[in-house]
Amino acid sequence: MSRDRVHCVDCREPIPGDARICPHCEAVQPSPLVDAGIVVAGVFAFVFGAILALMTIGTTRLAGFLLLVVGFGLAVGGYTRHVDRQAERRAR
């Protein structure tokens, strides 16, 4: 199998690396843009939560801390999801 071919997430047949729909089973392949959007949203929530947690008091500080935790989870989770999908598609 050449390096520009990956496995379908549904039928596991080799398909071109840039295919969005499997030519064998017509399953939609996952888009890396979704993972990138999750990571960007996570980083934004993390930064905004850090600003709120450091520069406010009371309930707003609590909301900032919660945004900080959720943002960290989204950023790390989105990145690991992307890495896992790439490894799964390359069948390593």
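See the structure printed just above.
Given the structure is predicted, the values throughout are model-derived calculations rather than measurements. (Residues numbered from 1 in each chain as written. Predicted model: local features only at pLDDT ≥ 70, side-chain atom pairs only at ≥ 80, totals over all residues. Heavy atoms only, no water.)

For the rest of this paragraph, the subject is the packing of aromatic side chains. Evaluation of the coordinates by the stated rule reveals 2 aromatic pairs. Centre to centre, the rings of F44 and F48 are 6.0 Å apart; their planes meet at 5 degrees, and the pair counts as stacked. In this pair, F44 and F48 are both assigned in helix α1 (residues 32-55), 4 residues apart and thus about one turn of the helix distant. Taken together, a centroid distance of 6.3 Å and an interplanar angle of 45 degrees make the contact between F46 and F72 tilted. (Phe/Tyr/Trp six-rings, centres within 6.5 Å; stacked < 30°, edge-to-face > 60°. Helix = DSSP H or I, 4+ residues; strand = E, 2+ residues; numbered from the N terminus.)

One side chain can pair with another of opposite charge once the charged atoms of both are near each other. Within this structure, the stated rule accounts for 2 salt bridges. Residues D35 and R81 are paired through a salt bridge, measuring 3.5 Å at the closest nitrogen-oxygen approach. One end of the pair, D35, is in helix α1; the other, R81, is in helix α2 (residues 59-90), with 46 residues separating them in the sequence. Its relative accessible area of 2% is what places D35 among the buried residues. Given a relative accessible area of 33%, R81 falls into the partly exposed group. In this structure, R85 and D35 form a salt bridge, with 3.9 Å as the shortest nitrogen-oxygen distance. Note that R85 is positioned in helix α2 and D35 in helix α1, a separation of 50 residues in sequence. Given the relative accessible area of 25%, R85 is considered partly exposed. Through salt bridges with shared partners, a single ionic network connects D35, R81 and R85. (Salt bridge = Lys/Arg side-chain N within 4 Å of Asp/Glu carboxyl O. Buried < 20%, exposed > 50% of the residue type's maximum accessible area, 1.4 Å probe, protein only.)

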